[in-house]
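# Structure at a glance
One letter stands for each residue in the lines below.
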Amino acid sequence: NADAAMYRAKALGRNNLQVFTEEMAAKAHEKLLRQEELREAIAHNEFFLHFQPQMNLASGRIFAAEALLRWQHPVHGVISPGAFIPLAEETGLIVPIGDWVLKTACRQCKAWQDAGLPSLIISVNVSARQFLERNWASRVAAVLAETGLEARYLELELTESLIMQDVPGAIATMHELEAIGVHLAIDDFGTGYSSLSALKRFPVQRLKIDRSFVEDIPLDADDKAITAAIISLAQNLGLRVIAEGVETEAQVEFLRQSGCDEIQGYFFSPPLVARDFETLLGQRRVHADAI
Ligand code: C2E
Ligand code: MG
Ligand code: MG
Ligand code: MG
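Criteria and cut-off values
Residues numbered from 1 in each chain as written. Chains lettered and ligands numbered in written order. Predicted model: local features only at pLDDT ≥ 70, side-chain atom pairs only at ≥ 80, totals over all residues. Heavy atoms only, no water. Helix = DSSP H or I, 4+ residues; strand = E, 2+ residues; numbered from the N terminus. Expected span 1.5 Å × (residues − 1). Buried < 20%, exposed > 50% of the residue type's maximum accessible area, 1.4 Å probe, protein only. Arc of directions from axis to C-beta. Contact = heavy atoms within 4.5 Å. Polar contact = N/O pair within 3.5 Å; in protein donor to acceptor, adjacent residues only side chain to side chain. Donors = N, O, S within 2.8 Å, 3.2 Å for Na, K, Ca; no water.

Turning our eyes to something else, we now look at helix α8 (residues 167-180). For α8, spanning 14 residues, the distance from its first C-alpha to its last is 20 Å, which sits close to the expected 20 Å at 1.5 Å a residue. For α8, every residue scored as buried is listed here: Val-167, Ala-170, Ile-171, Thr-173, Met-174 and Leu-177. Each buried residue of α8 lies within a common arc of 165 degrees when the element is viewed along its axis, so the set occupies one face. Across from the buried face of α8, at angles greater than 90 degrees, the exposed residues are Pro-168 and Ala-179. Buried positions along α8 lie against α5 (128-131), α6 (136-147), β5 (154-159), α7 (160-165) and β6 (183-189). Between a side-chain oxygen at the N-terminus of α8 and the backbone nitrogen of Gly-169 the separation is 3.0 Å; the capping residue is Asp-166. Within two residues after α8, Gly-181 carries a phi angle of roughly 110 degrees, on the positive side.

To continue, consider the coordination of the magnesium ion (ligand 2). The protein atoms that coordinate the magnesium ion (ligand 2) are Glu-66 (OE), Asn-125 (OD1), Glu-157 (OE) and Asp-187 (OD), at distances spanning 2.0 to 2.2 Å. On the primary sequence, the residues serving as donors to the magnesium ion (ligand 2) are separated as E-x58-N-x31-E-x29-D. Between the two metal centres, the magnesium ion (ligand 2) and the magnesium ion (ligand 3), the spacing is 4.2 Å, with Asp-187 acting as a shared donor. Here the residue Glu-66 occupies a position in strand β2 (residues 62-73), and Glu-157 occupies one in strand β5, the gap between them amounting to 91 residues. Take Glu-66 and Glu-157: they sit in the same class, and that class is buried.

We now examine helix α13 (residues 274-283). Listed as buried for α13 are Ala-274, Phe-277, Leu-280 and Leu-281. The buried residues of α13 occupy one face: seen down the axis, they fall within an arc of 115 degrees. Residues of α13 that are exposed and point more than 90 degrees away from the buried face comprise Arg-275, Gly-282 and Gln-283.

Take a look at the structure:
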């Protein structure tokens, strides 16, 4: 925080103040550069998607894929979303970027169907800035119409914090999306602050258990308890539940015993480029009706 830095600097004396302000100026400059790069990345088509399969535990089938954004930076190589999405959100660039993701993911899903691969659901992450735009549901409908993908093959992943920013507004948009026929999931479930009583008012079909609860299973008894509680909460609310970040056989075993419906994670497959995902689809039986 700039004020705090300035205050500390003043307390330390003049020379330090100069150092601090130079540092702040350099930071601001760096941020502007990165913002400009991000803007250019859209124009220069530097984004691409990875696809990570989601597997039904009972049938062993792939029924969905999560689209995960990547940036092929001309100098720094492939950059993960964690490194640029916060800036994209802050600057509003997430709106055109998110639009590109939605369209590209829907188009890819439709292309797989047209190529005769068994139909699966495509899951797309949505930012608050996008979701809280006016008429966002009609934007989604327009993308579906444009790409020819049926609404029931699209799932949007919302976070609790997104919903909590404007609960009535979010619920209204969720109902509009529900009316279109799009599926909704709550991503990173358990890390946000949505109250359990609010949850029952959200028209969602799925909960995605956050990776942080899964990673220390079976060693961490608390994480096991939380994960099992989320699974039974989902079951009691009539929601499907998927565990994220599943990496080991022991985690799969625990999740299976706890009644978890689905898994996603390195145990089954990392996120893949479209080509590799197609190869995987060709090898595995796919089934979209699971959702
Ligand atoms: P997320 O939606 O919770 O996605 C899951 C993240 O976990 C992905 O990271 C994925 O690569 C990673 N992951 C999957 N399986 C495993 C595993 O077994 N172990 C571990 N350690 N990690 C695993 P990624 O691709 O870096 O994405 C990070 C986050 O960035 C996503 O978290 C999502 O919140 C955001 N994101 C990604 N793509 C988009 C997008 O198109 N739009 C928006 N708004 N956000 C996106
Ligand atoms: Mg997600
Ligand atoms: Mg997540
Ligand atoms: Mg932990």
